[in-house]
Amino acid sequence: MSLSIGIVGLPNVGKSTLFNALTKAQNAQAANYPFCTIEPNKATVAVPDARLDILTRLVSPQKTVNASVDFIDIAGLVRGASKGEGLGNQFLATIRECAAILHVVRCFEDENITHVDGAVNPMRDVETIETELLLADIQSAEKRLERLQKMAKGDKDAKIAATYVGQLLEHMNAGHPALTFTLPDNEAFMTAWREMGLITAKHVIYCANVDEDAAVTGNAYVNQLHSLAEQRGAGFAMICAKIEEELQGLPEEEQAEMLLSFGIEESGLVRIIRTGYHTLGLASYFTAGPKEVRAWTIHQGWKAPQAAGVIHTDFERGFIRAEIISYDDYVTHGSEAACRTAGVLRTEGKDYTMHDGDIVHFLFNV
């Protein structure tokens, strides 16, 4: 599975600059994705993971494949987007396919860059975007309710689902995102819920875009946005999109030097990806052999068969057992053979809960 993040925000907040940086990062990693068709508004970026680098040095495989994140760029939304202003409906439909939303908010002053509302105001900007997303979801729910009500005359499940969708509409019309709606234990409603693909049901990462002067310490605008993220239990990251774009044109050593010159320890893209994993409750496990060392993305709490299914559905369907080595044990002993000899390779069954960093060999029979 690949993590997909939709980038939203008003025009002129730094979205395009950030996406340009992501696109350059994608091009630098293109060898990792030989079968990936990159669309104009999509960047597939490798997930940096120092553990993968260390495993590569220990195993010396023919190739190394990072986990990946798909960033989907949505053209700047404006007031009325939910009604089609600025081709809003077209772009909102794209967001529905993403797992999470990266809401880029302008947190810098620059008289040379016009703000669509005349002045920088992060809280107002957030409200503008979130209102449009909520209105789009309300429209989707209204259409679904109308269809369910027609079906309800001869379908008991549709009648129950219609009741719950009505409650969801009341919740959203009161100004609350779908994410905070308490989901009922009803399969008919959950089917409708999944098919609607509500945008405000997705987790949000608020991304404060700052100028070079605030790249380390932030500013008052950043503090406002960070407080909002904390209040809502949302993800938060601060970046300087301009620096990120400049970084991607440099060799790795020069990138590190440039970051240090600004007093920055790691790039904003790394922080965004890490925040995305944390926000969505994701983890990574590894497969390691002479042909390939690879990172695989799973949800925290997944059982071994589910994790195996990420590689291929046959692995989950015919799962027999998993041979597990913890990352720390592998690094300590240096190889799979040494781990076997030391007795730290474990055999686990279908009920095993995967841990972040597990190095796994699945046995299956189909």
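The present account deals with the structure reproduced in this document. Because the structure is predicted, anything quoted here is derived from the model rather than measured.

A word on the packing of aromatic side chains. In the structure shown here, the tally under the stated rule is six aromatic pairs. Pairing Phe181 with Phe189 gives two aromatic rings, centres 6.1 Å apart and planes at 55°, and the pair type is tilted. Note on accessibility: Phe181 and Phe189 belong to one class, buried. Counting every residue linked through ring pairs, the aromatic cluster contains Tyr164, Phe181, Phe189 and Trp193. Across from the ring centre of Phe108, 4.6 Å away, lies the NZ or CZ of Arg106, which sits over that ring.

Another point: the nonpolar core. Ranked by size, the top nonpolar core spans 51 residues in total, and within it Leu18, Leu22, Val69, Phe71, Leu102, Ile272 and Tyr277 carry the most contacts. Not counting the four nearest positions on each side in its chain, Leu18 is found in contact with Leu102, Val104, Ile239, Ala241, Leu269 and Ile272. Grouped together as the second largest cluster of nonpolar side chains are 21 residues, Ala215, Cys240, Leu247 and Leu259 included.

One can find Glu244 in helix α8 (residues 241-247). Within the buried core, Glu244 has no salt-bridge partner, and the shortest N-O distance to an opposite charge, that of Arg271, equals 5.0 Å. Polar side-chain contacts of Glu244 include one of 3.5 Å to the backbone nitrogen of Leu269. Those residues within four positions of Glu244 in sequence are excluded, and the remaining contacts are Ala21, Ser267, Gly268 and Leu269.

For the structure on display, the rule yields one cavity of 30 Å³ or more. Estimates place the volume of the largest cavity at around 40 Å³. Surrounding the largest cavity, Ala215, Met238, Ile239, Cys240, Ile243, Glu244, Ile264 and Arg271 form its lining. Counting only elements with at least two residues in the lining of the largest cavity, the list comes to β7 (235-239) and α8. Counted by class, the lining of the largest cavity contains six nonpolar, no polar and two charged residues.

Calculation notes
- Residues numbered from 1 in each chain as written.
- Predicted model: local features only at pLDDT ≥ 70, side-chain atom pairs only at ≥ 80, totals over all residues.
- Heavy atoms only, no water.
- Phe/Tyr/Trp six-rings, centres within 6.5 Å; stacked < 30°, edge-to-face > 60°.
- Buried < 20%, exposed > 50% of the residue type's maximum accessible area, 1.4 Å probe, protein only.
- Lys NZ or Arg CZ within 6 Å of the ring centre and 35° of its normal.
- Core = buried A, V, L, I, M, F, W, Y, C linked by side-chain atoms within 4.5 Å.
- Contact = heavy atoms within 4.5 Å.
- Helix = DSSP H or I, 4+ residues; strand = E, 2+ residues; numbered from the N terminus.
- Lys, Arg positive; Asp, Glu negative; His and termini not counted.
- Salt bridge = Lys/Arg side-chain N within 4 Å of Asp/Glu carboxyl O.
- Polar contact = N/O pair within 3.5 Å; in protein donor to acceptor, adjacent residues only side chain to side chain.
- 1 Å grid on protein atoms, 1.4 Å probe; cavity = no way out; pocket = protein on both sides within 12 Å on 5 of 7 lines; lining within 4 Å.
- Points joined across faces, edges and corners; volume = space filled by probe spheres on them.
- Nonpolar A, V, L, I, M, F, W, Y, C, P; charged D, E, K, R; others polar.

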